[in-house]
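Topology and contacts: notes
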Amino acid sequence: MCGAYTLFQLWHIPSTKLLQRSSKLSKGSFFMAGIEISTRLCLRREMQTTTCEIANGSNVPIIRTKQEASSQDKTSTKLEPVGAFQKLPMVMPSVDILYSALRKAKRVSPTKGIVNIAKRERNRGAKQLDALMKELTVPLRSYMENFPNKKYLHPYERSLIELTLGDGHYEEVLGRVDALRKKIQSVGKENASLCSKSLSKREAEERLSEGMKKLEEVFKLEGKAVDDLLNIAKTLRAMPVVDLETPTLCLVGAPNVGKSSLVRILSTGKPEVCNYPFTTRGILMGHIAINYQHFQVTDTPGLLKRNDEDRNNLEKLTLAVLTHLPTAILYVHDLSGECGTLPSDQFITYKEMRERFNDCLWLDIVSKCDLLQDSPVIFVKEDGNIDHIEVERYKRLGPDGALHVSVKSETGLNELKARVHDLLVSQMARIKSKKSSLEG
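Note that this is a predicted model, so its numbers are computed, not measured.

1. Considering the overall build of the protein chain
Secondary structure summary: the protein chain contains 15 helices and 8 strands in total. In the protein chain, which comprises 440 residues, the proportion classed as buried is 40%. Here the protein chain displays about 25,400 Å² of accessible surface, and carbon together with sulfur accounts for 53% of that area.

Right, dumping it as structure tokens:
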């Protein structure tokens, strides 16, 4: 009887032998053997899919469905940290991909040993068309696999893509590249199949020439998608790298208030300094090293007095930095009238930003103080409007506790550097505290 075997012995008997043995048995015995076979297979399946954890000295099975396992693995592999732009693949110009592919495909020889001329020619044609198709599609597939999915990027880098390239442009270009890959694959397979069915040498040569021409035309017609992807890669790779664990100082204020000049004083960053609005056309990064401690400084495009929906992409870049990065804020005010934004408008924007980002460490700076006249005393009337008084005080002195500095006369620069250092040390303590709380 098959029942005489132990479960361990039954486990090691190949199923074919077990069936041979069972064929000699009676119908009832065969039924019993079948039950044991199915039991063995079920046990094997369970052993392969069940994991256990130790709880109170016992093995407790953890039930994890295939759907959960695949979704967890997918999430863990696709989530990208900050710095994904520096890992982008090098994209070749479309013309280089095409001519390289043509050159390699034409070097492909027919399979050795084919004596019949027609068979040899159609074999050569089919192989060359297949080679050309692969040489064109392999780089495109590589780009699709190595350019990150935007939804898995860090929110800061996702905002950079949307605001720098335009909303939807990144996905649209990748979609065109993938459509080109699929079209090349379809045309290549179709023509390689036609060539392999040629009845004569001449017909094989004609179909090879026609297939090569079609593939070249398709790639030339739609290859601009590859060149657009090349430009995207260049733009994104040039974006400044931000270390989330290094304290960052973000300079904020209206356009042309002197943020870039202060960045040059405080850090290694060398932004453009000119007297016109929106000199800063992107996020510029510099670094500070004080007492062997390293910090980051960002110069951001200026903010104007308007609603968020009316802001341009440069202003939205500034808001993206403040929203998604753990920064301390150095807010720069220009009360001299040189920047082109009225002090009253600067005050309104400042109040809005102060309320929105009140959790950030903050330092207020009044720049170009060498151009300011001595501030007269402000008398408060009993029936005076409080908001009006606050604006008038701001026009003369800036926010309460603001440090007055001048890059031209070097007034207040030493104190500025000391206070910036203290601010960044406090920011470092915040980052460490947050990290330890997350780990705990």
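So much for the structure itself; the text now carries on.
2. So, the packing of helix α11 (residues 259-266) against helix α15 (residues 413-439)
Contact geometry of α11 with α15 gives a least axis separation of 11 Å together with a crossing angle of 75°. Taken together, the axis directions place α11 and α15 in an arrangement best described as roughly perpendicular. Here Leu-262, Ile-265 and Leu-266 of α11 come into contact with α15, specifically with Leu-413, Leu-416, Lys-417 and Val-420. When its residues are assigned to classes, the contact of α11 with α15 shows 6 nonpolar, no polar and 1 charged.

3. Focus on the pairing of strand β7 (residues 362-367)
Buried residues dominate β7, accounting for 6 of its 6 residues. Neither face of β7 is open: one carries Trp-362, Asp-364 and Val-366, the other Leu-363, Ile-365 and Ser-367, and all of them are buried. As paired elements, strand β6 (residues 327-334) and β7 share 6 bridges and run parallel to each other. What sits directly across from His-333, in β7, is Val-366. Bridge analysis of β7 against strand β8 (residues 403-404) gives 2 bridges, and the strand direction is parallel. Looking at the pairing, Val-366 lines up with His-404 of β8.

4. Points about helix α10 (residues 224-237)
With 14 residues, α10 extends 20 Å between its outermost C-alpha atoms, agreeing within 8% with the 20 Å of an ideal straight helix rising 1.5 Å per residue. Buried residues of α10: Ala-225, Val-226, Asp-228, Leu-229, Leu-230, Ile-232, Ala-233 and Leu-236, and no others. Check the buried side of α10 and you find it contacts α5 (94-106), α6 (117-146), α7 (155-165), α8 (169-196) and α9 (201-222).

5. Things to note about the pattern of salt bridges
Taken as a whole and judged by the stated rule, the model has 29 salt bridges. Arg-176 is paired through a salt bridge with Asp-228; the nearest N and O atoms lie 2.9 Å apart. Remark: Asp-228 occurs in helix α10 and Arg-176 occurs in helix α8; sequence separation between them is 52 residues. Residue class for Arg-176 comes out partly exposed when judged on its relative accessible area of 27%.

6. A few points about the packing of aromatic side chains
Inspection of every chain in the model, using the stated rule, returns 5 aromatic pairs. Taken together, the ring pairs connect Tyr-331, Phe-347, Tyr-350, Trp-362 and Tyr-394 into an aromatic cluster.

7. Some thoughts on unusual backbone geometry
Despite not being glycine, Lys-368 has its phi angle at roughly 55°, a positive value. For Lys-368, a relative accessible area of 16% gives the class buried. Phi at Glu-410 is positive, roughly 65°, even though this residue is not glycine. Its location among the elements puts Glu-410 in the loop between β8 and α15. By relative accessible area, which is 60% here, Glu-410 ends up exposed.

8. Description of helix α13 (residues 343-356)
Counted at 1.5 Å a residue, the expected span for α13 with its 14 residues is 20 Å, and the 20 Å between its end C-alpha atoms agrees. When we look at burial in α13, the residues that qualify are Pro-343, Gln-346, Phe-347, Thr-349, Tyr-350 and Met-353.

9. Section: the sheet that holds β7
Overall, mixed pairing links the 6 strands, which are arranged β4-β5-β3-β6-β7-β8 in an open sheet. Taken across any chain shown, the strands that pair with only one partner, and hence form the sheet edges, are β4 (284-290) and β8. Of the strands in this sheet, β3 (248-253), β5 (293-299) and β6 touch helix α12 (residues 313-324), which is tilted by about 145° from β3. Sheet strands in contact with α13 are β6 and β7, and its direction is about 170° off that of β6.

10. Thoughts on the confidence of the model for the protein chain
Of all residues in the protein chain, 75% have pLDDT values of 70 or greater, and the mean over the chain is 81. Note on residues 15-66: pLDDT under 50 across the span, and 42 contacts to partners over four residues away in sequence or across chains. Counting interchain partners and residues more than four positions distant, the pLDDT-below-50 stretch residues 376-384 has 6 contacts.

11. So, the packing of α5 against α9
Close contact between α5 and α9 brings their axes to 10 Å; oriented N to C, the two are set at 165°. Classed by the angle they form, the pair α5 and α9 counts as roughly antiparallel. The chirality of how α5 crosses α9 is right-handed. Here Ser-94, Ile-97, Leu-98, Tyr-99, Leu-102, Ala-105 and Lys-106 of α5 come into contact with α9, specifically with Met-212, Glu-216, Phe-219 and Lys-220. Here the contact of α5 with α9 is built from residues that sort into 7 nonpolar, 1 polar and 3 charged.

Conventions we followed
Residues numbered from 1 in each chain as written. Predicted model: local features only at pLDDT ≥ 70, side-chain atom pairs only at ≥ 80, totals over all residues. Heavy atoms only, no water. Helix = DSSP H or I, 4+ residues; strand = E, 2+ residues; numbered from the N terminus. Buried < 20%, exposed > 50% of the residue type's maximum accessible area, 1.4 Å probe, protein only. Areas by Shrake-Rupley, 256 points an atom, 1.4 Å probe, with all protein chains shown as cover. Axes fitted to C-alpha atoms, helices over the stretch in contact; angles between N-to-C directions. Parallel < 35°, antiparallel > 145°, perpendicular 65-115°, else oblique. Contact = heavy atoms within 4.5 Å. Nonpolar A, V, L, I, M, F, W, Y, C, P; charged D, E, K, R; others polar. Pairing = 2+ DSSP bridges. Expected span 1.5 Å × (residues − 1). Salt bridge = Lys/Arg side-chain N within 4 Å of Asp/Glu carboxyl O. Phe/Tyr/Trp six-rings, centres within 6.5 Å; stacked < 30°, edge-to-face > 60°. pLDDT = per-residue confidence, 0-100. Left-handed = near helix turned anticlockwise from the far one by under 90°.

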